[in-house]
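# Understanding the architecture of this molecule
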Amino acid sequence: TWGLNALDYTKLGTIEKNGDMSNLGITGKILYNKYQKFFERYDGLRMDAAWQFVTPFVYKEENGNYEEVPMPEINDTILQIMGKAAKDTLGRKFDSFNPNNIMLELVGISADKSREMTKNKYPHLYTTAYAEYDESPAQFKKKGYNKNKFYCGVGNHDNDSLVNQARDTEKRKLHLEGILRDYKTNMSKFTYNAQEYKNQTEEEKAQEDFRNAKLSEIFTSSKQFFTLPDMFGMGQRINISGKASNENWRVRIPSNYEDFYFSQLSKGYGINLPKIYENAMYMKDIDEPYLVQKLQEAAEILR
């Protein structure tokens, strides 16, 4: 729907378990070459919309309308091509190659098969923006994920900002229900004693508490990520997925980012790391009173 050319997966071909590529089609060869270039240049690989590498689909345009064109399921063929390219490029280094360096984004539709095929093999990337569908750190652990095999963020470049999520009272209610269920915590833990906090309206406090709760939630997991707009507590959205718009990808961090960051913290926006760590300790039921006290003191100073 962006009007970009797509690979024809019917021309993927096959690769043998022994690495024989003689039956690869033109699409398979293109992918092999792309992976080779990646492993020559980088020590890590992130596969966007990774379910497309297992159950792909493309669109065709007819009279201004886009219709989905199903492609044959390709199972692990592309993952095998990726592995072959890594082995051919890295040579002896391949034996010590860390599969944790390959991250699969599996937050989209039609992802079930690719999730099960790659679970606990390659790290998966998820966002708690979909927490109402049980996409949260505690739920991933319940689903049998190894703690080092998933990354969690409150959102990525395709999601709305955390600031705007907090303004959505219905979304806030759904997400907080999940947090209270998963961590048996109390929302009073997310508040501050700082006068700047107390001077706010009840709605402003509720939004700030929610932002802190959502950021704390991802720090209950071993691996987390966040966007720069969420770090700085900005309301702008980076991108609307699947939409060709002049507003996409226009968000910029101010050049005086350090002053801006502290200014945002004083208004209750952005990531106040001591507060987030303190909250995450409560949520994980870690009893370290001295450390909690030090975190509280630092968090209040920053706020």
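Please refer to the structure placed before this passage.
Residues numbered from 1 in each chain as written. Predicted model: local features only at pLDDT ≥ 70, side-chain atom pairs only at ≥ 80, totals over all residues. Heavy atoms only, no water.

## Re the overall build of the chain
For the chain, the count of helices and strands is twelve helices and six strands. Summarising its shape, the C-alpha atoms of the chain cover approximately 70 × 50 × 40 Å along the three principal directions. Within the chain, the proportion of its 303 residues that are buried is 45%. Within the chain, contacts between residues separated by at least 24 positions form 66% of all contacts whose residues are at least 6 apart in sequence. Here the chain displays about 16600 Å² of accessible surface, and carbon together with sulfur accounts for 49% of that area. The positive charge centre, built from 42 side chains, and the negative charge centre, built from 43, are 4 Å apart in the chain. (Helix = DSSP H or I, 4+ residues; strand = E, 2+ residues; numbered from the N terminus. Buried < 20%, exposed > 50% of the residue type's maximum accessible area, 1.4 Å probe, protein only. Contact = heavy atoms within 4.5 Å. Areas by Shrake-Rupley, 256 points an atom, 1.4 Å probe, with all protein chains shown as cover. Lys, Arg positive; Asp, Glu negative; His and termini not counted. Charge placed at Lys NZ, Arg CZ, Asp CG, Glu CD.)

## Observations regarding the packing of helix H11 (residues 273–283) against helix H12 (residues 289–302)
Relative orientation of the contacting elements H11 and H12 amounts to 145°, with a least axis distance of 7 Å. The two elements H11 and H12 cross, and the hand of that crossing is left-handed. From H11, Pro274, Lys275, Tyr277, Glu278, Met281 and Tyr282 reach across to H12, where they touch Leu291, Val292, Leu295, Gln296, Ala298, Ala299 and Leu302. (Axes fitted to C-alpha atoms, helices over the stretch in contact; angles between N-to-C directions. Left-handed = near helix turned anticlockwise from the far one by under 90°.)

## Quick look at the side chain of Lys149
The topology assignment puts Lys149 in the loop between helix H4 (137–142) and strand S6 (150–153). Glu116 provides the closest opposite charge to the buried, unpaired Lys149, separated from it by 15 Å. A distance of 2.8 Å separates the side chain of Lys149 from the side chain of Asn100, its partner in a polar contact. What Lys149 contacts, discounting residues up to four positions off in sequence, is Pro99, Asn100, Asn120, Lys121, Tyr122, Pro123 and His124. (Salt bridge = Lys/Arg side-chain N within 4 Å of Asp/Glu carboxyl O. Polar contact = N/O pair within 3.5 Å; in protein donor to acceptor, adjacent residues only side chain to side chain.)

## Topic: the pairing of strand S5 (residues 124–127)
Where burial is concerned, the two faces of S5 agree: the one with His124 and Tyr126 and the one with Leu125 and Thr127 are both buried. Taken together, the two bridges between strand S4 (residues 102–105) and S5 define a ladder with parallel strand orientation. Residue Glu105 lies in a different strand from S5, and its bridge partner there is Leu125. Across four bridges, the pairing between S5 and S6 is parallel. Across the sheet, residue Thr127 finds its bridge partner in S6, namely Gly153. After leaving S5, the chain enters H4 and then returns to the sheet as S6, a path that is right-handed. (Pairing = 2+ DSSP bridges. Right-handed = clockwise from strand over helix to strand, strands pointing away.)

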